[in-house]
Amino acid sequence: MSYDFFKQEIYLKKIDSTNNYLKSTHFDENIIIYTFNQTKGRGRRNKEWLDFKNKNLAVSFLIKSPLDPFWFICAASLSLIDLLKSLNIKKSWIKWPNDIYIDDKKLSGILAETIWYQGNIQRIIIGIGININNNIDDFVDLKSATSLYLATGKKQKLKMIYQNYKRELSRWLLELTENKNLDLISEKWKEASYISDKKIKWIINNEIISGNIHDIKEDGTLIIKSINNILYEVKTGEVILE
Ligand code: BTN
């Protein structure tokens, strides 16, 4: 029997946002919730995350941990990369900091949020959206999006994708919280990020800096080398692949 990190699991028939749900209700740690009908999903930088009923999976989990939320983003991303490998999808990679791509198209995004109490992070909420059975018509306005259906040519069973994802996630969360194997996670995350020599543009405070990805530090900070050979440590802003 495989290890289950989560003490509680909730399936919601319909919800505005799984992250909102965990934020608005007082839950204990190590809970996971999911739906195939999220009506008002939120993305990073106040963008919306588009879901189609019974075609997308929205999952959120809540934990209590002294570790930086970055590590849980790694665990959530690596779990999806492993799931994709098991579906024989080879060209998946992590686009810094928390998108999962197949080739040059986005399959999944992650939204990490924190609940603070008296100046300390009290809870971490990680939400993952995965495009599963979307067809090309669903993405007319999202040219750079893809789904598992588009990547494999096969309609997927939503519940099975969720269960397999949760199994991988439990494994990585155990590696993180119990085995404290940060080295392994960092190494795997870097490996899946295919950082070497990617040409990018970094948009920060309305300024655009062009360069190459140079490295990723242990804590997830991205190091960019600009075309003028200046090294920048990137924690925020948007990085666009050229
Ligand atoms: C992004 O790509 O900007 C992040 C998208 C995150 C979407 C997920 S779906 C589950 C969870 N609930 C939300 O409202 N957002 C996240």
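Please read these numbers as outputs of a predicted model, since none were measured by experiment.

Thresholds applied
- Residues numbered from 1 in each chain as written.
- Predicted model: local features only at pLDDT ≥ 70, side-chain atom pairs only at ≥ 80, totals over all residues.
- Heavy atoms only, no water.
- Phe/Tyr/Trp six-rings, centres within 6.5 Å; stacked < 30°, edge-to-face > 60°.
- Helix = DSSP H or I, 4+ residues; strand = E, 2+ residues; numbered from the N terminus.
- Buried < 20%, exposed > 50% of the residue type's maximum accessible area, 1.4 Å probe, protein only.
- Lys NZ or Arg CZ within 6 Å of the ring centre and 35° of its normal.
- Near = heavy atom within 4 Å.
- Polar contact = N/O pair within 3.5 Å; in protein donor to acceptor, adjacent residues only side chain to side chain.
- Areas by Shrake-Rupley, 256 points an atom, 1.4 Å probe, with all protein chains shown as cover.
- Nonpolar A, V, L, I, M, F, W, Y, C, P; charged D, E, K, R; others polar.
- Contact = heavy atoms within 4.5 Å.
- Pairing = 2+ DSSP bridges.
- Axes fitted to C-alpha atoms, helices over the stretch in contact; angles between N-to-C directions.
- Parallel < 35°, antiparallel > 145°, perpendicular 65-115°, else oblique.
- Salt bridge = Lys/Arg side-chain N within 4 Å of Asp/Glu carboxyl O.

Draft legend 1. Here's a closer look at the packing of aromatic side chains. Applying the stated criterion across every chain yields a total of 11 aromatic pairs. On the numbers, 6.1 Å between centres and 45° between planes, the contact of Tyr 11 with Phe 36 is tilted. With Tyr 11 in strand 1 (residues 8-11) and Phe 36 in the loop between strand 2 (31-35) and strand 3 (41-42), this pair connects stretches of sequence that are 25 residues apart. Judged by relative accessible area, Tyr 11 falls into the partly exposed class, the value being 43%. Its relative accessible area of 8% is what places Phe 36 among the buried residues. With a centroid separation of 3.6 Å and an interplanar angle of 10°, the aromatic rings of Tyr 34 and Tyr 162 are classed as stacked. In this pair, Tyr 34 is assigned in strand 2 and Tyr 162 in helix 4 (residues 158-177), connecting sequence segments 128 residues apart. Per residue, the accessibility class of Tyr 34 equals that of Tyr 162, and both read buried. Joined through ring pairs, the aromatic side chains of Tyr 11, Tyr 34, Phe 36 and Tyr 162 make up one cluster. Between Lys 155 and the ring centre of Tyr 149, over which it is positioned, the NZ or CZ distance is 4.4 Å.

Draft legend 2. Layout of the site of the ligand. What surrounds the ligand is a group of 20 residues, the closest being Ser 17, Thr 18, Arg 42, Arg 44 and Lys 106. In the environment of the ligand, a nitrogen atom lies 2.7 Å from a nitrogen or oxygen atom belonging to the backbone of Arg 42. Out of a free accessible area of 420 Å², the ligand has 96% covered by protein chains. Of all the secondary structure elements, the ones that give two or more residues to the shell around the ligand are helix 1 (18-24), strand 3, strand 5 (56-63), strand 8 (105-117) and strand 9 (120-131). A total of 4 residues in the shell around the ligand trace back to one element, the largest contributor, which is strand 8. Partitioned by chemical class, the residues of the shell around the ligand number 6 nonpolar, 10 polar and 4 charged.

Draft legend 3. Focus on the environment of Ser 147. Inspection of the secondary structure puts Ser 147 in the loop between strand 9 and helix 3 (148-152). Relative accessible area serves as the criterion here: at 0%, Ser 147 is assigned to the buried category. Linking Ser 147 and Lys 166, residues 19 residues apart in sequence, is a C-alpha distance of 18 Å. Contacts of Ser 147, omitting those with residues within four sequence positions, involve Leu 107, Asn 131, Ile 132, Asn 133, Asn 134 and Phe 139. Reaching out from Ser 147, the side chain makes a polar contact with the backbone nitrogen of Leu 150 at a distance of 3.0 Å.

Draft legend 4. Geometry of the sheet that holds strand 2. Pairing is mixed across the open sheet formed by 7 strands, whose spatial order is 1-2-5-9-8-7-6. The sheet terminates laterally at strand 1 and strand 6 (92-95), the two strands that pair on one side only. Adjacent strand axes in the sheet meet at a mean angle of 15°, parallel and antiparallel pairs treated alike. The pairing of strand 2 with strand 5 spans 5 bridges and is classified as antiparallel. Looking at strand 5, one finds that Ile 32 is bridged to Phe 61. Relative to the sheet, helix 2 (residues 69-86) contacts strand 5, strand 6, strand 7 (99-102), strand 8 and strand 9, its axis offset from that of strand 9 by approximately 25°.

Draft legend 5. Molecular detail of the packing of helix 4 against helix 5 (residues 182-193). Where helix 4 meets helix 5, the axes come as close as 8 Å, and the angle between the chain directions of the two elements is 130°. Taken as axis vectors, helix 4 and helix 5 run oblique relative to one another. Taking contact as the criterion, the partners of Trp 172, Glu 175 and Leu 176 in helix 4 are, on helix 5, Leu 182, Leu 184, Ile 185 and Lys 188. Taken together, the residues of the contact of helix 4 with helix 5 sort by class into 5 nonpolar, no polar and 2 charged.

Draft legend 6. Layout of the pattern of salt bridges. The tally for this structure, following the rule as stated, stands at 9 salt bridges. A salt bridge links Lys 85 to Asp 82, with the shortest nitrogen-to-oxygen separation between them at 3.8 Å. Of this pair, Lys 85 and Asp 82 both sit in helix 2, 3 residues apart, roughly one helical turn. On the basis of relative accessible area, Lys 85 is assigned to the exposed category, the value being 55%. Judged by relative accessible area, which is 16%, Asp 82 ranks as buried.

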